[in-house]
2 protein chains.
Amino acid sequence: MKNCNTPCNLQKCFMCRLALNEWKPAIDSHRKNFLAKKGELILKEGDPVTGIYFVYNGNVKVHKKWGDKELIVRFANEGKIIGHRGLSTKSSVYPVSATALEPTSLCFIDIDFFLSTLKVNHDLAFNLMMFYADELQESEKKMRNLALMSVKSRLAVALFHLKDLFGTDDEDCINVELSRQDLAAFAGATYETVFRMMNDLVQENLIALTGKKIRITDEEKLRDLTIEAQ
Amino acid sequence: MKNCNTPCNLQKCFMCRLALNEWKPAIDSHRKNFLAKKGELILKEGDPVTGIYFVYNGNVKVHKKWGDKELIVRFANEGKIIGHRGLSTKSSVYPVSATALEPTSLCFIDIDFFLSTLKVNHDLAFNLMMFYADELQESEKKMRNLALMSVKSRLAVALFHLKDLFGTDDEDCINVELSRQDLAAFAGATYETVFRMMNDLVQENLIALTGKKIRITDEEKLRDLTIEAQ
DNA sequence: CGAATCGTTGATGAGCTTCAAAACTCGTGG
DNA sequence: CCACGAGTTTTGAAGCTCATCAACGATTCG
């Protein structure tokens, strides 16, 4: 990753927005800014935890692997945190990898400084706690989905999720450039299966494809797939 | 659930151990103690959040459902917290159910009081944050397992997990009374499949059954199942 | 002693993965 | 500018894992 001097946008960065005034100079001196190219690995599962990253802009996939397969746990775009999964009482290695899907600019804070900030900045700690709580709920919902729902339903959930996260462009298409490979890894299924299910959804007029972009055409019926029967 | 007067064991309860001295009387007056019978529902997915529970002793399953299927997300025994998943910036209903697997005694604290305690007791907030961080790691590991591992491997993971959580008795058997139904829901598979896989593991001399109790006989080979190939 | 729940087993096939191969895209360098 | 190769998309076929259904024995419990 290349160093750069992008200043942090105080409005969007979790850390800077909640920073105590007296700590701001210290934060500025500890912060390192990076640019990650498309496809570049930002942090790697199993590596020792060095710090925490805030995404300034761009889009990052957070993923775990097992053998030669991978699962995308979530995406991190503008304003999101990555590397916070390294915080733990038990382990000191990152439990996930993070890879840039677009050119991405990041702000890095080393873990010791971040922890000491947390200890004195109670508002930041409280907000981070609530952030974790939200992530835990999301994670357990996805856990249930993977265990109990069909691939088609999981795909529908994934599409709504992507729409929420990235919004839509002026043609109402989900505003993200995502390979089918990654979509499959996010839905927790194989490439080919996801491809076939996408075809099904197009056949049933629930979604439409313009180029690689996806548009949800029948929100209600697509939503039905994500709702438990009975 | 029945009211009771079990005093809180300060050593084991997350809240009481970290309580500020000046808040202890307030906590005592806010705490309600309950006894839950075997099979009794403690809190229900979708119900409005009223507070948070600390398990004094016994064993509780935390589960989510979809249609007529269910997945056990985790177990909570002595000293663990349930209902903390209700904390969220977005929603105010419990995202999971909790059911007693044995006669269980609990301590209940209403959510408003708990939140105001959190705001002033920074040590408690910090510890809760780290607790969430650990749970998130666990949750995402399980997510990956459900997406990428075979039922047999997930069963192996589940058995190790149960051994860690409940320990072993004097015959080296995993010290928990768990129906195959619940074991299946924990491993994320059907009753029958889990039954067959258990048989396989017995055939291969990786585990042994004495009555309903399970003993891991070949830890190394069982561990192999849980490790990614290559 | 029913009644209900749980354990056990076999048969069947849906759902999904895997493999294989052709068609298409796209950047790269000659 | 085109040829090349690497990656991605598309499609078909084969088969494996696992869920589902069904039926019966065992155990628990009011």
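Every chain's residues receive numbers from 1 upward, in the order its sequence appears when written. In the order they appear in the text, chains get letters beginning with A and ligands get numbers beginning with 1. Where totals are concerned, whole chains, interfaces and linings use all residues; where local detail is concerned, this predicted model gives features only for residues with pLDDT of at least 70, and gives and counts side-chain atom pairs only at 80 or more. Only hydrogens and water are removed before side-chain values are computed, so all heavy atoms of the structure are retained for them.

**Quick word on the overall build of chain A**
Under the DSSP-based scheme used, a helix requires at least four consecutive residues in state H or I and a strand at least two consecutive residues in state E, with every element numbered from the N terminus. For chain A, the helix and strand inventory stands at eight helices and 11 strands. Radius of gyration here uses only the C-alpha atoms, and the compact-globule reference equals 2.2 Å multiplied by the residue count raised to the power 0.38. Against the 2.2 N^0.38 benchmark of 17 Å for 230 residues, chain A shows a C-alpha radius of gyration of 19 Å, consistent with a compact globule. C-alpha atoms of chain A, sized along the principal axes, occupy 60 × 40 × 35 Å. Looking at chain A residue by residue over its 230 residues, the buried ones come to 53%. Sequence-distant contacts, at least 24 apart, represent 70% of the contacts inside chain A between residues at least 6 apart. For chain A, the accessible area works out to roughly 10700 Å², and carbon and sulfur atoms hold 49% of it. In chain A, the 31 positive side-chain charges and the 31 negative ones have mean positions that sit 4 Å from each other. The classification of residues rests on relative accessible area computed with a 1.4 Å probe and restricted to protein chains. Under 20% of the type maximum is buried, over 50% is exposed, and intermediate values are partly exposed. Residue contacts are counted whenever heavy atoms from the two residues lie within 4.5 Å of one another. All accessible areas in this document rest on Shrake-Rupley with a 1.4 Å probe, and a residue is counted as covered only by the protein chains that are shown. In this tally, Asp and Glu contribute negative charge and Lys and Arg positive charge; neither His nor the terminal groups of the chain are included. Note on charges: their place is set at NZ of Lys, CZ of Arg, CG of Asp or CD of Glu.

**Overview of the protein's contact with DNA strand C**
The cutoff for a nearby residue is simple: one of its non-hydrogen atoms must lie within 4 Å of the molecule or strand. In the region of DNA strand C, 15 residues are neighbours, and Val-151, Thr-190 and Thr-193 of chain A together with Tyr-191 and Phe-195 of chain B sit closest. Close to the protein, within 4 Å, the atoms of DNA strand C belong to sugar or phosphate groups at a rate of 56%. By the criterion applied in these results, polar contacts are pairs of N or O atoms within 3.5 Å in which, for protein atoms, one can donate a hydrogen and the other can accept it, and in which residues neighboring in sequence qualify only through two side-chain atoms. At 3.0 Å, a backbone N or O of Val-151 of chain A approaches a phosphate oxygen of DNA strand C. Going through the elements one at a time, α7 (191-203) of chain A together with α7 (191-203) of chain B are the ones with two or more residues in the surface near DNA strand C. It is α7 of chain B that provides the largest number of residues to the surface near DNA strand C, a total of five residues. Of the residues contributing to the surface near DNA strand C, the split by class is five nonpolar, four polar and six charged. Under the scheme applied, nonpolar residues are Ala, Val, Leu, Ile, Met, Phe, Trp, Tyr, Cys and Pro; charged residues are Asp, Glu, Lys and Arg; polar residues are all the others, including Gly.

**Observations regarding the protein's contact with DNA strand D**
Residues in close proximity to DNA strand D total 15 residues, the closest being Tyr-191 and Phe-195 of chain A together with Val-151, Thr-190 and Thr-193 of chain B. Taking the atoms of DNA strand D that fall within 4 Å of the protein, sugar and phosphate contribute 59% of them. Measuring from a base nitrogen of DNA strand D, one finds a side-chain N or O atom of Glu-192 of chain B at 3.1 Å. Arg-196 of chain B places a polar side-chain atom, nitrogen or oxygen, 3.4 Å from a base oxygen of DNA strand D. When contributions to the surface near DNA strand D are tallied by element, the ones reaching two or more residues are α7 of chain A together with α7 of chain B. With five residues, the top contributor of residues to the surface near DNA strand D is α7 of chain A.

**What about the sheet that holds strand β4 (residues 51-57) of chain B?**
Residue and element names in this part refer to chain B. In this scheme, strands are said to pair when DSSP sees at least two bridges between them. Taken together, the five strands give an open sheet; going across it, the order is β1-β2-β9-β4-β7, and neighbouring strands pair in antiparallel fashion. Whereas interior strands pair on both sides, the edge strands pair on one side only; in this sheet they are β1 (2-4) and β7 (81-82). Sheet topology note: the β4/β7 ladder contains two bridges and is antiparallel. The residue of β7 that forms the bridge with Tyr-53 is Ile-82. Between the N-to-C directions of two axes lies an angle of 0 to 180 degrees, each axis being a line fitted to C-alpha atoms and, for a helix, fitted only over the stretch in contact. Contacts from helix α3 (residues 111-120) reach β4 and β9 (104-110) within the one sheet, and its direction differs from that of β9 by about 70 degrees.

**Digging into the UniProt feature "domain: Cyclic nucleotide-binding" (unreviewed entry) in chain A**
When the UniProt feature table is mapped onto this chain, "domain: Cyclic nucleotide-binding" (unreviewed entry) is found at residues 14-118 of chain A. In the segment residues 14-118 of chain A, helix accounts for 18% and strand for 43%; the C-alpha atoms at its two ends are 12 Å apart. UniProt positions are given in the numbering used here, feature names are shortened, and annotations may be inferred rather than shown by experiment.

**A closer look at the UniProt feature "domain: HTH crp-type" (unreviewed entry) in chain A**
Mapped onto the present numbering, the UniProt feature "domain: HTH crp-type" (unreviewed entry) falls on residues 149-220 of chain A. Between the end C-alpha atoms of residues 149-220 of chain A there is a gap of 18 Å, over a span that is 54% helix and 11% strand.

**Overview of the relation of the copies chain B and chain A**
Overlaying chain B on chain A yields an RMSD of 0.0 Å, the required transformation being a rotation through 180 degrees with an accompanying axial translation of 0.0 Å. Interpreted geometrically, this transformation is the action of a two-fold axis. Looking at chain B, 100% of its interface residues are interface residues in chain A too, so the copies touch through the same face. The copies are overlaid by a least-squares fit using only the C-alpha atoms of residues whose pLDDT is at least 70 in both copies.

**Comments concerning the packing of helix α4 (residues 122-148) of chain A against helix α4 (residues 122-148) of chain B**
A pair of packed helices is captured by two measures, namely the crossing angle of their axes and the spacing between those axes. Two elements in contact, α4 of chain A and α4 of chain B, have axes whose closest approach is 8 Å; the angle formed by their N-to-C orientations is 20 degrees. The angle between α4 of chain A and α4 of chain B places the two elements in the roughly parallel class. Both α4 of chain A and α4 of chain B take part in a crossing whose hand is left-handed. Taken together, the residues that form the contact of α4 of chain A with α4 of chain B break down as 18 nonpolar, four polar and six charged. Throughout this description, any angle smaller than 35 degrees is read as roughly parallel, any larger than 145 degrees as roughly antiparallel, any in the 65 to 115 degree range as roughly perpendicular, and the remainder as oblique. It is the rotation of the near helix from the far one that decides the hand of a crossing: anticlockwise by less than a right angle makes it left-handed, clockwise makes it right-handed.

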